[in-house]
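In case you want the letters, here they are:
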Amino acid sequence: MKAAFIEQYGEPDVLKYGDLPDPVAGPGEVVIDVVAASVNGADWKVRVGQYKQSKFPFALGRDFSGVVSAVGEGVTDLKVGDAVFGVCEAGQEGAYAEKIAVKAAIVAKKPEGLSHVDAAALALTGLTALSAIEDTLKLKPGEKILIQGGAGGVAGFAIQAAKHIGAHVVTTTSAANQAYVRGLGADEVIDYNAADFTKVVSGCDAVFDTVGGDVAQKSFAVLKPGGRAAFIASGAQAPKPDRGDVSALRPPVGRARRHLERIAELFEIGAVRAPEIKLYRLSEAADAHRVSEARHFRGKLVFKIR
Ligand SMILES: NC(=O)c1ccc[n+]([C@@H]2O[C@H](COP(=O)([O-])OP(=O)(O)OC[C@H]3O[C@@H](n4cnc5c(N)ncnc54)[C@H](OP(=O)(O)O)[C@@H]3O)[C@@H](O)[C@H]2O)c1
């Protein structure tokens, strides 16, 4: 099969396009003919060696949408020909490829009205956003939340999920993406280049940070006493709060079919729509990584593979 893979860690140019062996469905697994796979913020971090968990060569990529082409022993709930989407198990990469073998239990049927490209774009971002907004922050109707990095894939889903709950959503973005995040439902938009968010936002019940670094650390300042903040761009641990009356949480982002089914449900009822998408061919993986790593695009970058 064709794949975009690396044989060493490094700059985007280490991404090669070529042949890797076809995967085989082990017990409990399915092989999926990948139609679309998305670029996630984690992928360039894997490429530069921040995770150091795989043997070379390996294809990058953590989420996909496609069609089941082989079924392993013991799989009874999926069959060849089913259109499915999903996210690789934690620690597994490999969606930038024509085929991938994954545990059947963590993939879900793709709704008919959702294209493969949109399903791939919503998979890991949706799962992460739901893990943060619904499971970790347990956001409630009427609460005020600051979502940092509104134009990104995860944050864009989170804005829509928070609005669906009935929360008041404040988000940060550059000037170029203000209309985009308003279109996703944000009630208040802060251009982080024009204003210091800690000076113009206060009294939040919750913060969801997808930016990391100083932005994450400074986010505690906008919380009301008893407020809670969730962080996904600060590594495996949430940053330590500099005040004692708030909580800092790290969403587990577990891989589970139920999250994917929740994404499908939210899409089908019209609560979330796909983000803005820029399409790439697998052979253009290095270009896609340059854009992703620069961190100032909007929505998602998606490989259309077949
Ligand atoms: N399992 C997990 O824990 C998990 C899962 C998914 C993602 N993540 C992490 O979550 C983070 C977000 O990932 P992602 O794929 O959604 O998007 P991303 O590629 O990291 O973010 C791109 C967006 O960030 C915005 N941005 C950059 N700097 C900003 C700033 N200072 N303030 C506000 N917005 C800013 C950009 O908008 P502008 O151009 O408007 O600046 C751009 O739209 C990444 O660090 C990723 O590794 C973790």
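Parameters at a glance
By convention here, each chain's residues receive numbers from 1 onward along its written sequence. Thresholds applied to this predicted model are a pLDDT of at least 70 for local features of residues and 80 or more for the giving and counting of side-chain atom pairs; totals over whole chains, interfaces and linings are not thresholded and use all residues. Here the side-chain values reflect all heavy atoms present in the structure, with hydrogen atoms and water set aside. A pair of strands is labelled paired if DSSP reports no fewer than 2 bridges between them. Numbering of helices and strands runs from the N terminus, with a helix taken as a DSSP run of H or I at least four residues long and a strand as a DSSP run of E at least two residues long. The criterion for an aromatic pair is that two Phe, Tyr or Trp rings (for Trp, the six-membered ring) have centres within 6.5 Å, with stacked assigned to planes under 30 degrees apart, edge-to-face to planes over 60 apart and tilted to the rest. Remark: exposure states derive from per-residue accessible area (1.4 Å probe, protein chains only) relative to the maximum for the residue type, with buried under 20%, exposed over 50%, and partly exposed in between.

Student: A description of the sheet that holds strand β1 (residues 2–6) should follow, citing residues and the corresponding values.
Tutor: Spatial ordering of the open sheet is given by β2-β1-β4, a layout of three strands whose pairing is antiparallel. Each edge of the open sheet carries a strand with a single partner, namely β2 (16–19) and β4 (58–59).

Student: How would you summarise the packing of aromatic side chains if you had to cite specific residues and measurements?
Tutor: For the coordinates displayed, the defined rule picks out five aromatic pairs. Taken together, a centroid distance of 4.7 Å and an interplanar angle of 65° make the contact between tyrosine 96 and phenylalanine 303 edge-to-face. With tyrosine 96 in the loop between β6 (83–87) and β7 (99–103) and phenylalanine 303 in strand β16 (residues 300–304), the pair connects residues that are 207 residues apart, well separated along the chain. Looking at tyrosine 96, the relative accessible area reads 0%, which means it is buried. For phenylalanine 303, a relative accessible area of 0% corresponds to the buried category. Here the aromatic rings of tyrosine 280 and phenylalanine 303 are separated by 6.4 Å at their centres, their planes lie at 65°, and the arrangement is edge-to-face. Note that tyrosine 280 is positioned in strand β15 (residues 277–280) and phenylalanine 303 in strand β16, a separation of 23 residues in sequence. Taken as a pair, tyrosine 280 and phenylalanine 303 share a single burial class, namely buried. One aromatic cluster is present, formed by Tyr9, Phe56 and Phe58 through successive ring pairs.

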